[in-house]
Amino acid sequence: QVQLVESGGGLVQAGGSLRVSCAASGIIFSTYNIAWYRQAPGKQREFVASISNSRTTAYADSVKGRFIISRDNDKNTAYLQMNSLNPEDTAVYLCNAWLGWPSYWGQGTQVTVSS
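One structure accompanies this document, and this report is about it. (Residues numbered from 1 in each chain as written. Predicted model: local features only at pLDDT ≥ 70, side-chain atom pairs only at ≥ 80, totals over all residues. Heavy atoms only, no water.)

A closer look at the pairing of strand β8 (residues 77-82)
Alright, step 1. The buried fraction of β8 amounts to 5 of the 6 residues, a majority that puts the element mostly inside the structure.
Alright, step 2. Bridge count for strand β7 (residues 67-72) against β8 is 6 bridges, and the pairing is antiparallel. Residue Arg71 lies in a different strand from β8, and its bridge partner there is Ala78.
Alright, step 3. What sits between the antiparallel neighbours β7 and β8 is a turn of 4 residues, in which Asn76 has the positive phi angle 50 degrees. (Buried < 20%, exposed > 50% of the residue type's maximum accessible area, 1.4 Å probe, protein only. Helix = DSSP H or I, 4+ residues; strand = E, 2+ residues; numbered from the N terminus. Pairing = 2+ DSSP bridges.)

Concerning the nonpolar core
Alright, step 1. Trp36, Val48, Phe67, Leu80, Met82 and Tyr93 are the most contacted members of the largest nonpolar core, which totals 28 residues.
Alright, step 2. Of all the secondary structure elements, the ones that give two or more residues to this core are β3 (18-25), β4 (33-39), β5 (46-51), β7, β8, β9 (91-98) and β11 (109-114).
Alright, step 3. Apart from residues no more than four positions distant in its own chain, Val48 is found in contact with Trp36, Tyr37, Arg38, Ala58, Tyr59, Ala60, Val63, Phe67, Leu80 and Tyr93. (Core = buried A, V, L, I, M, F, W, Y, C linked by side-chain atoms within 4.5 Å. Contact = heavy atoms within 4.5 Å.)

Some points on the side chain of Glu6
Alright, step 1. Along the chain, the position of Glu6 falls in strand β1 (residues 3-7).
Alright, step 2. Polar side-chain contacts of Glu6 include one of 2.8 Å to the backbone nitrogen of Gly108.
Alright, step 3. Those residues in contact with Glu6, other than ones at most four positions away along the chain, are Ser21, Cys22, Trp36, Tyr93, Leu94, Cys95, Gly106, Gln107, Gly108 and Thr109. (Polar contact = N/O pair within 3.5 Å; in protein donor to acceptor, adjacent residues only side chain to side chain.)

Considering unusual backbone geometry
Negative phi values dominate among residues other than glycine, just as trans dominates among peptide bonds.
Alright, step 1. For the peptide bond that leads from Trp101 to Pro102, omega is 0 degrees, which places it in the cis range.
Alright, step 2. Phi is positive for Arg55, which is not a glycine, with a value near 75 degrees.
Alright, step 3. The class of Arg55 is exposed, set by a relative accessible area of 53%.
Alright, step 4. The phi angle at Ser84 is positive, at roughly 50 degrees, despite the residue not being glycine.
Alright, step 5. The topology assignment puts Ser84 in the loop between β8 and β9.

Structure (structure tokens):
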């Protein structure tokens, strides 16, 4: 079965950095596109960043210049490096993988930024 497992979340002070990971199994990882989304309580899920199977990247305006998405196909893992964090970045961060249809979701990892 397809499984995406996020890790690396935690509590960090404003201005700090954190890297979350998305480990995939059950797919040919190198062929899949990967995206990070986040969802705060009472808010809609929002797009954060994506990296294609050809390593083309895209970012939401709110994180552009602060976050970096990357992937290591040998480890079947994608990463989101988050820098200059602020409390508005507090959310559950979820990994999404797709090739065509359907896409797959992980359960998410909690990132909390204190002020």
